[in-house]
Amino acid sequence: MAAQGRTVVPSDTELLQAQADLWRHSLYYLTPMALRCAVELSIPTAINHLGGAASPTDLITALSLPSAKLPFLRRLLRLLGAAGIFTVDKSSGEWKYCINPVSYLLLDGIPDEVHINHTSFVLTATSSRYIDAAMGLADWFKKDVVTPPFEELHGATLFHESMESLDADYHNMANEALQAHDNFGIPIALQEFRDLFKGIQSVTYCCGASGDDEFARALVKAFPHIKCTVLANPKMISNKPADGVINYVEGDMFDFIPPAQTVLLKILAQCRKAIPSGKDGGKVIIGDIVIDYSAGPMLEAHLLMDIGMMTMTKGRQRDENEWREIFMKAGFSDYKFLKKFGARGVFEVYP
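Residues numbered from 1 in each chain as written. Predicted model: local features only at pLDDT ≥ 70, side-chain atom pairs only at ≥ 80, totals over all residues. Heavy atoms only, no water.

Engineer: So, the sheet that holds strand β1 (residues 53-54): which residues are in play, and what are the values?
Structural biologist: The strand order across the open sheet formed by three strands is β1-β3-β2, and the pairing between neighbours is antiparallel. Only two strands of the sheet have a single partner each, and these edge strands are β1 and β2 (86-89). Here β1 pairs with strand β3 (residues 96-99) via two bridges, running antiparallel. Its bridge partner being in β3, Ala54 is matched across the sheet by Tyr97. (Pairing = 2+ DSSP bridges. Helix = DSSP H or I, 4+ residues; strand = E, 2+ residues; numbered from the N terminus.)

Engineer: I'd like a rundown of the nonpolar core, residues and numbers included.
Structural biologist: It is characteristic of soluble globular proteins that their nonpolar side chains tend to be buried jointly. Ranked by internal contacts, the top residues of the largest apolar core, which has 22 residues, are Leu190, Phe197, Leu219 and Ile226. Elements represented by at least two residues in this core include exactly α13 (186-192), β4 (202-206), α14 (214-222) and β5 (227-232). The biggest single contributor to this core is α14, with four residues. Ignoring sequence-local partners within four residues, the contact set of Ile226 consists of Phe197, Ile200, Gln201, Ser202, Val203, Leu219 and Val220. The next biggest cluster of nonpolar side chains, apart from the first, holds 21 residues, and it includes Ala38, Ile47, Ala54 and Ile85. (Core = buried A, V, L, I, M, F, W, Y, C linked by side-chain atoms within 4.5 Å. Buried < 20%, exposed > 50% of the residue type's maximum accessible area, 1.4 Å probe, protein only. Contact = heavy atoms within 4.5 Å.)

Engineer: Hey, could you go over the packing of aromatic side chains for me, with residue numbers and the actual values?
Structural biologist: Evaluated as defined, the whole model comprises twelve aromatic pairs. Measuring from centroid to centroid gives 5.8 Å for Trp323 and Phe347, while their planes differ by 45 degrees, and the two rings are tilted. Taken together, the positions of Trp323 in helix α18 (residues 320-329) and Phe347 in strand β11 (residues 344-350) put the pair 24 residues apart, joining distant regions of the chain. The buried category is assigned to Trp323, whose relative accessible area is 5%. Classification of Phe347 by relative accessible area gives buried; the value is 1%. Taken together, the aromatic side chains of Trp323, Phe327, Tyr335, Phe337 and Phe347 make up a single cluster linked through ring pairs. (Phe/Tyr/Trp six-rings, centres within 6.5 Å; stacked < 30°, edge-to-face > 60°.)

Engineer: Can you tell me about helix α12 (residues 168-183), naming the residues and giving the values?
Structural biologist: Between its first and last C-alpha atoms α12 spans 22 Å; for 16 residues at 1.5 Å apiece the expected length is 22 Å, and the two agree. Considered for burial, the residues of α12 that qualify are Tyr170, His171, Ala174, Asn175, Ala177, Leu178, Ala180, Asp182 and Asn183. A positive phi of about 85 degrees marks Gly185, the residue just after α12. (Expected span 1.5 Å × (residues − 1).)

Engineer: Describe in detail the pattern of salt bridges, supporting the description with residues and values.
Structural biologist: Tallied over the full model, the rule gives ten salt bridges. Put simply, Glu40 and Arg36 hold a salt bridge, and the shortest N to O gap is 3.3 Å. On the criterion of helical spacing, the pair formed by Glu40 and Arg36 is a turn pair, its members being four residues apart in helix α2 (residues 30-40). Note on Glu40: relative accessible area 52%, which makes it exposed. (Salt bridge = Lys/Arg side-chain N within 4 Å of Asp/Glu carboxyl O.)

Engineer: Tell me what's going on with unusual backbone geometry, and back it up with residues and numbers.
Structural biologist: One non-glycine residue, Ser64, adopts positive backbone phi at about 55 degrees. Tracing the backbone shows Ser64 in the loop between α4 (56-62) and α5 (70-82). With a relative accessible area of 65%, Ser64 lands in the exposed category. With phi around 70 degrees, Phe159 is a residue other than glycine that occupies positive phi space. Within the secondary structure layout, Phe159 lies in the loop between α10 (149-154) and α11 (161-166).

Engineer: An account of the environment of Ser91 is needed here, citing residue identities and associated values.
Structural biologist: Here Ser91 is to be found in the loop between β2 and β3. Judged by its relative accessible area of 67%, Ser91 falls in the exposed class. Of the polar contacts made by the side chain of Ser91, one reaches the side chain of Asp89; its length is 2.6 Å. (Polar contact = N/O pair within 3.5 Å; in protein donor to acceptor, adjacent residues only side chain to side chain.)

Engineer: Can you lay out the environment of Gly315 for me, pointing to particular residues and giving the numbers?
Structural biologist: Turning to its location among the elements, Gly315 is positioned in the loop between α17 (297-312) and β9 (318-319). Judged by its relative accessible area of 28%, Gly315 is partly exposed. Separated by 167 residues in sequence, Gly315 and Pro148 place their C-alpha atoms 9.4 Å apart. Setting aside anything within four residues of it in sequence, one finds Gly315 in contact with Met309 and Met310.

Purely geometric stuff here, so don't read any function into it on its own.
The structure is reproduced here in structure tokens:
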């Protein structure tokens, strides 16, 4: 017999804390709005130009903002400091806000090859097109449809030509955001997982929606002996250099994948047919988010990405058991979860 649920009456202390928690959850959207404001004002880059640390007074001058806005800027920066976007130096009379690893990703003009500017990701994720789609979630749940709320609201698919026709500027910004999401950390990954590519002679890299080949180019630079083929749609290939470094093949990964010893991708289906047997070194390497239910900021990031994908696309995030199910259904015999890599995990999947 199923256990009967019973409402537990909170204590007075718990109720007082609960009210504060509801304030926090209800107003959480103001943090990304404050972050968007900082990006649009170029506050992170201004702080960097001022030596990596700046007071609100410094920024009013550097950004040519009206002096009357100084108390309001202090309040904005105070929130962003508490949220971890900046580190706060309270040692002097006026607090200074310092560039930290999070705000480092928002800087312009950084020559470091590991750095990829993420401002397009912030602006895309905090846009009215995204937010309006999320605002309609309750109505969407009541409808007998599985079309993503974003697509149902705008009549266009994110990252698709239909979105380009509707709003070219937004389409381009969203694709920049996708490239930042997909390509961040490539040099770190190739160093961290060097052993993965030992003995490999040929690789097929399946481009995602952006058609970006940055990973493939970084791979052949790090491992010149590897013969690399990139599979992408014709529109994406048309502007790629014919320099002989990479062999480009037109196609759809869901229909056909050029044969290779190893396939690299962030999605799965035709890969099993494209690789040799396990004894001949055939494998698929997948780097993607793997939900880890250990409590903490990383779990929150994973679950927010999952709901974001549910709202905007037909994609989703998965835990290891859900990945295992996909591998087995695709005809693979085994896999190995190698290690966590930032917000992602890396799998080797075997035929």
